[in-house]
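Observations on chain architecture
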Amino acid sequence: MTELVLAALAWVLLHMVVAGPLRPALVARLGLPAYRGLFSVLSVIALVALIWTYGAAPYVELWPTTSAVSVVPVVVMPVALLFLVGSLRPSNPTSAGPDMLMRGKGEELPIRGFTKITRHPMLWAFALWAGSHMIANGDLATLLLAGAVLLTAVNGMFSIDRKRAAVFGDRWQRFKAKTSVFPFAAAWSGRVRLGLGDIGWMNILGSATLYAIFLWAHATLFGVPAYHP
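Let me begin by describing the structure that accompanies this report.

This part covers the overall build of the chain. Secondary structure summary: the chain contains 11 helices and zero strands in total. Secondary structure of the chain in N-to-C order comes out as α-α-α-α-α-α-α-α-α-α-α. Radius of gyration (C-alpha) of the chain: 19 Å, near the 17 Å computed for a compact globule of 229 residues. Projected onto the principal axes, the alpha-carbon positions of the chain cover approximately 55 × 45 × 25 Å. Put simply, the chain has 229 residues, and 40% of those count as buried. Total accessible area computed for the chain in this model is approximately 12400 Å², and 73% of it derives from carbon and sulfur atoms. Positive and negative side-chain charges of the chain, numbering 18 and 9 respectively, have mean locations separated by a distance of 10 Å.

Right, dumping it as structure tokens:
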């Protein structure tokens with residue numbers, strides 16, 4: 001369990017310190033592309049360590065895994081996967097790749113697709129995965145792993161907002177005024193019009209296919225069935 005605690009701490013520090021207060025100095029020294037490359041490598045290493053130590057950690061129950069809590073990820077994961085698939089569209093200025101292409105351009109930042117639902121669909125996908133599995137599994141190891149992911153996902157939403165505000169200035173402020181961090185809040189308040197076409201049938205089909213695969217192969221891939229009746 002000690003190794004998992006250290007891996008979770010490394011993950012959190014990487015995403016909240018290296019990608020936070022230390023980022024400006026590192027970008028100034030390395031340049032943004034090199035910094036992002038290094039950060040990506042370190043993130044992969046930290047993620048592998050997190051998964052490896054999680055698999056080796058002892059089971060320490062914090063609350064019983066009843067059928068009532070076991071159903072939570074079964075219900076939540078279709079939404080999480082839809083957000084994940086929808087986040088891959090290359091027009092979201094909160095994504096690491098598209099924001100580079102939009103720098104220096106004078107046009108308004110695009111608000112379409114899942115950006116109308118939330119500025120951070122990928123981070124919401126991670127947060128929903130983490131939160132639902134923490135509830136369903138009810139053990140200390142999952143609390144450490146999923147808790148680290150949940151913490152950095154939520155922090156990342158506001159951290160990215162600050163970084164994009166510094167890069168895009170007034171363009172970001174106008175984009176931010178018409179979008180939301182919390183899913184569907186902008187559409188609910190009338191700041192943006194959301195239609196089924198923004199969600200996209202291909203996104204729905206792709207996420208449904210992924211959900212069916214994970215539901216069917218969960219026991220094979222992760223050693224436990226997706227639902228415990």
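For helix H4 (residues 67–86), spanning 20 residues, the distance from its first C-alpha to its last is 30 Å, which sits close to the expected 28 Å at 1.5 Å a residue. Its maximal kink placed at Met77, H4 deviates by approximately 35°, while the proline Pro78 follows within four residues. Regarding H4, the residues found buried are Val69, Ser70, Pro73, Met77, Ala80, Leu81, Leu82, Phe83, Val85 and Gly86. Looking at the packing, one finds that the buried side of H4 touches helix H6 (121–137), helix H10 (196–199) and helix H11 (201–222).

Moving on to the nonpolar core. Grouped together as the largest cluster of nonpolar side chains are 20 residues, with contacts concentrated most on Leu4, Trp11, Tyr35, Phe39, Leu50, Ala148 and Val149. Those elements giving two or more residues to this core turn out to be helix H1 (2–18), helix H3 (32–56), H6 and helix H7 (140–168). It is H1 that contributes the most residues to this core, six residues altogether. Once residues within four sequence positions are removed from consideration, Phe39 is found in contact with Leu14, His15, Val18 and Ala19. One finds Phe114, Leu123, Met157 and Ile199 within the second-largest nonpolar core, a separate group that totals 13 residues.

Looking now at a nonpolar patch on the surface. Together, Leu210, Ile213, Phe214, Leu221, Phe222 and Val224 make up an exposed nonpolar region whose accessible area comes to about 510 Å². As for its position among the elements, Phe222 is in helix H11.

The subject of this paragraph is empty space enclosed by the protein. Evaluation of the coordinates by the stated rule reveals one cavity of 30 Å³ or more. Lining the largest cavity, in full, are Gly86, Ser87, Arg89, Ser91, Asn92, Arg112, Gly113, Phe114, Thr115 and Pro121. Tallied by class, the residues present in the lining of the largest cavity amount to two nonpolar, six polar and two charged.

Here we take up the packing of aromatic side chains. Considering all chains together, one arrives at four aromatic pairs under this definition. Geometrically, the ring pair formed by Phe83 and Phe114 is edge-to-face, given 5.8 Å between the ring centres and 80° between the ring planes. Of this pair, Phe83 sits in helix H4 while Phe114 is found in the loop between helix H5 (96–102) and H6, placing the two residues 31 residues apart along the sequence. Comparing Phe83 with Phe114, the two get one shared label, buried. On the numbers, 5.6 Å between centres and 90° between planes, the contact of Trp124 with Phe182 is edge-to-face. A residue pair is termed long-range when its members are at least 10 positions apart, and Trp124 in helix H6 and Phe182 in the loop between helix H8 (170–178) and helix H9 (185–188) qualify at 58 residues. In this structure Trp124 comes out as buried when scored by relative accessible area, which is 17%.

Okay, the packing of H4 against H6 next. With their axes 8 Å apart at the nearest point, H4 and H6 run at an angle of 170° to one another. Accordingly, the angle class assigned to the pair H4 and H6 is roughly antiparallel. Seen from H4, the contacting residues are Val69, Ser70, Val72, Pro73, Val76, Met77, Val79, Ala80, Phe83 and Leu84; seen from H6, they are Pro121, Met122, Trp124, Ala125, Phe126, Leu128, Trp129, Ser132, His133, Ile135 and Ala136. Counted by class, the contact of H4 with H6 contains 18 nonpolar, three polar and no charged residues.

Take unusual backbone geometry next. The backbone phi angle of Phe184 is positive, close to 70°, even though this residue is not glycine. Relative to the elements of secondary structure, Phe184 occurs in the loop between H8 and H9. Taking relative accessible area as the criterion, Phe184 reaches 39% and is therefore assigned partly exposed.

A few words on H8. For H8, the full list of buried residues reads Arg171, Trp172 and Phe175. Down the axis of H8, the buried set is contained in an arc of 95°. They therefore lie on one face.

The rules we used
Residues numbered from 1 in each chain as written. Predicted model: local features only at pLDDT ≥ 70, side-chain atom pairs only at ≥ 80, totals over all residues. Heavy atoms only, no water. Helix = DSSP H or I, 4+ residues; strand = E, 2+ residues; numbered from the N terminus. Rg over C-alpha atoms; globule rule 2.2 N^0.38 Å. Buried < 20%, exposed > 50% of the residue type's maximum accessible area, 1.4 Å probe, protein only. Areas by Shrake-Rupley, 256 points an atom, 1.4 Å probe, with all protein chains shown as cover. Lys, Arg positive; Asp, Glu negative; His and termini not counted. Charge placed at Lys NZ, Arg CZ, Asp CG, Glu CD. Expected span 1.5 Å × (residues − 1). Bend = angle between axes of the 7 residues up to and from the residue. Contact = heavy atoms within 4.5 Å. Core = buried A, V, L, I, M, F, W, Y, C linked by side-chain atoms within 4.5 Å. Patch = residues over 30% accessible without salt bridge, like charges linked within 9 Å, V, L, I, M, F, W, Y side chains within 5 Å. Salt bridge = Lys/Arg side-chain N within 4 Å of Asp/Glu carboxyl O. 1 Å grid on protein atoms, 1.4 Å probe; cavity = no way out; pocket = protein on both sides within 12 Å on 5 of 7 lines; lining within 4 Å. Points joined across faces, edges and corners; volume = space filled by probe spheres on them. Nonpolar A, V, L, I, M, F, W, Y, C, P; charged D, E, K, R; others polar. Phe/Tyr/Trp six-rings, centres within 6.5 Å; stacked < 30°, edge-to-face > 60°. Axes fitted to C-alpha atoms, helices over the stretch in contact; angles between N-to-C directions. Parallel < 35°, antiparallel > 145°, perpendicular 65-115°, else oblique. Arc of directions from axis to C-beta.

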